[in-house]
Each structure stands twice: as C-alpha cells, then as structure tokens.
Amino acid sequence: MKGACSAPSRSDLRFPPMNPTDADVAVVTGTTHGIGMVTARELARAGRHVVMLVRDASAGERVAGDISRSVPDRRPDVIHCDLASLDSVRAAAAQVCQRYPRLHLLVNNAGAVSMSHRLSADGFELTFATNHLGPFLLTALLGKCLVPGARIVNVASRIHLRGRMDLDSVPDPRATYRSRDAYARSKLANVMHTFALARRLEGGSVTANCLHPGVISSHLLPRWLRLVKPLISPGMIDCEQGARTSLYLALSPDVAGTNGRYFDEHQVEQAASAAANDVEMQELLWRRSEEWVEHPGWHVSECSDTPGSPPVPSLGRSDERT
C-alpha cells in the first residue's frame, strides 16, 4: 500500500490517448499529493493538457516536473490557487481563462480539514471555505470557458451521509466545532452543489457529477491514524486506487452525457443521502454561497450550448443510510 502516493506508478484504468496536437485542457485542483497528483498524471498520460491549481506553487512545479519526465510531451501548467481565499480563487480563474479560453474538464479535487475552529481570510469556517466556497466560486468563474461537452467532476465523500447543513454557523466565530462534523458538512455541500449545478446544466451537453473516492491513506489523515487505520478498516485503499473514479468520470465514454450523479470508489452509481437530495436546501445553499462569494453560481449564457435552467426534480436518488 502506497500511503504517500509519491511513486510514479500508474492507475490500472486505461483510456485511449489523444493526438498531442489537439489535447483537451483539464483543470485539476489539489495536485501536489494524493489522488489529485495521480489524477493529474493519468490525465496527462491520456493526452490531456493539465492545468494544476495548487496552494504550494513550488510543490506544484516539482510534481509537474515528475509528470513531464513520465509523460515527456505533457508537462502540466502550474497556477497558484488557495481555495480558502476568494481573492486567490478569482486571480487563479482569471489566469486560467486568459491562458486557456476553451476548457474541457474541471476536477474539483482539493480537500482539507481543520482540526480546530478557524475562519478563513474572508470570515468563513475554514473547512467549509476550502472544500465548498472556493470550488463553488472557481466553478462559476470557469463556466464561461467550458466548451460544449465539458465535464465537471467534484470529489465528495461518503461521509456526506453524516453531514448536516447548518449554514448559520459557517460565518459564526463562536460556533461549536467538531472537525468530523465540519468535514461531513463540507462534503455534503459538494454533493448538493453538484446536484443543483446539474439541474442548471440540463438541456445542454456540459455535465456535473460527484464521487466518493474511497477511504484513502493520504495526508488528510493524521499520521497516527494512517498507521492504525488499516488494522481497523480493511477497506482502506491507496491513492492509485482512490483516483480511479475521478478518472472514470473525467475520461470514460461510458459516462458521456451522464449528469447529476454520485459514484462510489468502484465507479458504480450510488444513492446520495436524503439531505443531499433536499432540493429546497440545495437552493438555499446555492443562494447563500452566491451571497458569500459575491458572484452568481452559474450563468446559463456562459456555456454556449446551455439554453436554460428548467425546474426539474432532484437528480440524485434518496437514501436513508447513516
């Protein structure tokens, strides 16, 4: 098992490479480690031009160098982006759209969890700001550059099943805080964002889907927990395996046109929680997120083939698991 996910190995999912002269552009967040690094490498290997949005630019350049040595004609571009800072997200999105006016794939992969209650520079609970508000704004800002047929892939988590969408506590500096609950709420927001966005994409060819990558031995787990977790959770997987569903949703022709779905680590569509399927709460989260990031969540006119946003039922299936 590769806990550090740093070896230049390969995912066992295979997709046909593209012609280097007409490579699709793929934007991926959080690529300096873990499943994001594997995702970036395998997208490059499949012929995509990868744009890596990273908080640590130096680490990003090192990873880009490693990828270019593994895939010589596919050195990724590196752009600084701290998802916890809305100003940083705006600056990164502006750079992306300036350099690459036609985007084919956005993988919102980056994730973090704060072990103590902290607020972002913009005044929002840090885990929620990093895992939801930053990606929400990034997706909205890059929407104008997405071409017909583009795919949006949001890395969520099965822990969303335990999430509760308490929005009032997000900007509250005195709110009660538990790291697991904060992470679950942020991952629930990822699923709800995906479903609400997918509704707005209905009628066009751009799609949005989300996934649970599996319980992964990565930097998100404290070192002591990474050491003992395999003893108490035999289902723990490494980052090579954890990137499989992201790559499947990003590349596979089997899911071309699939929209508003939630997949597990085995690339199988699963039911999201009842809370994730609450359309009224999805829309409340959407409106509140727009207010907090001070930008519309999606302009239907930005995507050339997206005619409108009809009021359709929730696109995920309800499930009562806990």
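The shown structure was predicted, so the numbers you read here are calculated from the model rather than taken from an experiment.

Enquirer: Go over the overall build of the protein, please, and point to the residues and values.
Expert: Per the secondary structure count, the protein includes 9 helices and 8 strands. Of the contacts made within the protein by residues no fewer than 6 positions apart, 77% connect residues no fewer than 24 positions apart. Carbon and sulfur atoms provide 50% of the accessible area of the protein, an area that totals close to 13600 Å².

Enquirer: Residue-level account of the nonpolar core, with values.
Expert: Counting residues in each nonpolar core, the largest one holds 54 residues, and the members touching the most others are L103, F128 and L142. In this structure L142 touches V27, A93, V96, C97, L103 and L106, once residues within four positions along its chain are discounted.

Enquirer: Run through the environment of G149, naming residues and quoting values.
Expert: Of note, G149 is situated in strand 5 (residues 146-155). Measuring from C-alpha to C-alpha, the distance between G149 and S205 comes to 4.8 Å, with 56 residues separating the pair along the chain.

Enquirer: Break down the state of the cysteines for me, with residues and values.
Expert: This model, assessed by the stated rule, comprises 1 disulfide. The disulfide partner of C97 is C145, and the S-S distance across this bridge is 2.4 Å. With C97 in helix 3 (residues 86-99) and C145 in the loop between helix 4 (126-142) and strand 5, this pair connects stretches of sequence that are 48 residues apart. With respect to class, C97 is no different from C145; both count as buried.

Enquirer: Break down the packing of aromatic side chains for me, citing the residues and quoting the values.
Expert: Scanning the model with the defined rule gives 4 aromatic pairs in all. The interplanar angle of 45° and the centroid separation of 5.4 Å between the aromatic rings of F124 and W292 together place this pair among those described as tilted. You can see F124 sitting in the loop between strand 4 (103-108) and helix 4 and its partner W292 sitting in helix 9 (residues 279-293), a full 168 residues away along the chain. Judged by its relative accessible area of 8%, F124 is buried. A centroid spacing of 6.2 Å and a plane angle of 65° characterise the contact between Y248 and F263, whose relative ring orientation is edge-to-face. Of this pair, Y248 sits in helix 8 (residues 244-251) while F263 is found in strand 7 (residues 262-263), placing the two residues 15 residues apart along the sequence. For F263, a relative accessible area of 5% translates into the label buried.

Enquirer: How would you summarise the packing of helix 1 (residues 34-45) against helix 2 (residues 57-70) if you had to cite specific residues and measurements?
Expert: Two elements in contact, helix 1 and helix 2, have axes separated by 10 Å at closest approach and are oriented at 35°. For the pair helix 1 and helix 2, the sense of crossing is right-handed. Only V63, I67 and S70 of helix 2 make contact with helix 1, whose side of the interface consists of M37, A40, R41, A44 and R45. When grouped by side-chain class, the residues that make up the contact of helix 1 with helix 2 number 5 nonpolar, 1 polar and 2 charged.

Enquirer: Can you explain the pattern of salt bridges? Please cite residues and give values.
Expert: For the coordinates displayed, the defined rule picks out 13 salt bridges. Between R90 and D87 there is a salt bridge, with its nearest N and O atoms 2.8 Å apart. In this pair, R90 and D87 are both assigned in helix 3, 3 residues apart and thus about one turn of the helix distant. Residue classification places R90 among the partly exposed positions, given a relative accessible area of 29%. What emerges from the salt-bridge pattern is a single network uniting R41, E42, R45 and E240.

Enquirer: Lay out the sheet that holds strand 6 (residues 207-211) with the relevant residues and their values.
Expert: With mixed pairing, the 8 strands of this open sheet are ordered in space as 3-2-1-4-5-6-7-8. Every interior strand has two partners, whereas the edge strands, strand 3 (77-80) and strand 8 (269-270), have only one. Across 2 bridges, strand 7 lies against strand 8 in antiparallel orientation. Bridge pairing in strand 8 places Y262 opposite Q270. Sheet strands touched by helix 2: strand 2 (49-54) and strand 3. Its angle to strand 2, the strand with the most contacts, is close to 155°.

Enquirer: Explain the pairing of strand 3 to me, and be specific about the residues and the numbers.
Expert: When strand 2 meets strand 3, the two strands line up parallel, connected through 4 bridges. Residue pairing for strand 3: V54 is matched across the bridge by H80. Regarding topology, helix 2 serves as the crossover connection from strand 2 to the parallel strand 3, and that connection is right-handed.

Enquirer: Quick one: what's the story with the packing of helix 1 against helix 8, residue by residue and with numbers?
Expert: Running from N to C, helix 1 and helix 8 point in directions that differ by 40°, and their axes come no closer than 9 Å. The way helix 1 lies across helix 8 gives a crossing that is right-handed. Where helix 1 abuts helix 8, its residues T39, E42 and L43 lie against S246, L247, A250 and L251. Residues belonging to the contact of helix 1 with helix 8 are distributed by class as follows: 4 nonpolar, 2 polar and 1 charged.

Definitions and limits used
Numbering of residues starts from 1 in every chain and runs along the sequence as written. A pLDDT threshold of at least 70 governs which residues receive local features in this predicted model, and a stricter bar of 80 or more applies before side-chain atom pairs are shown or counted, although totals over entire chains, interfaces and linings include all residues. Here the side-chain values reflect all heavy atoms present in the structure, with hydrogen atoms and water set aside. A run of DSSP states H or I qualifies as a helix once it reaches four residues; a run of E qualifies as a strand once it reaches two. Both are numbered from the N-terminal end. Whether two residues are in contact is decided by their heavy atoms: any pair within 4.5 Å suffices. Values of accessible area rely on a 1.4 Å probe in the Shrake-Rupley scheme; residue burial ignores everything except the protein chains shown. Only buried residues count toward a nonpolar core, which is a set of Ala, Val, Leu, Ile, Met, Phe, Trp, Tyr and Cys residues joined through side-chain atoms within 4.5 Å. The buried label goes to any residue with under 20% of its type's maximum accessible area, the exposed label to any with over 50%, and the partly exposed label to all in between, with areas taken from a 1.4 Å probe on protein chains only. Cysteine sulfur atoms that pair up within 2.5 Å are treated as a disulfide. Ring pairs shown here join Phe, Tyr and Trp side chains whose ring centres sit within 6.5 Å, with only the six-membered ring taken for Trp; geometry is labelled stacked below 30 degrees between planes, edge-to-face above 60, and tilted in between. Comment: axis = line fitted to C-alpha atoms, over the contacting stretch for helices; angle = value between 0 and 180 degrees taken between N-to-C directions. Should the near helix be turned counterclockwise from the far one by less than a right angle, the crossing is left-handed, whereas a clockwise turn marks it as right-handed. Amino acid classes used here: Ala, Val, Leu, Ile, Met, Phe, Trp, Tyr, Cys and Pro are nonpolar; Asp, Glu, Lys and Arg are charged; the rest, including Gly, are polar. A pair is scored as a salt bridge if a Lys or Arg side-chain nitrogen falls within 4 Å of a carboxyl oxygen belonging to Asp or Glu. The rule for pairing is simple: two strands pair if DSSP sees at least two bridges between them. The crossover handedness rule: strands pointing away from the viewer, path from first strand over the helix to second strand clockwise, crossover right-handed.

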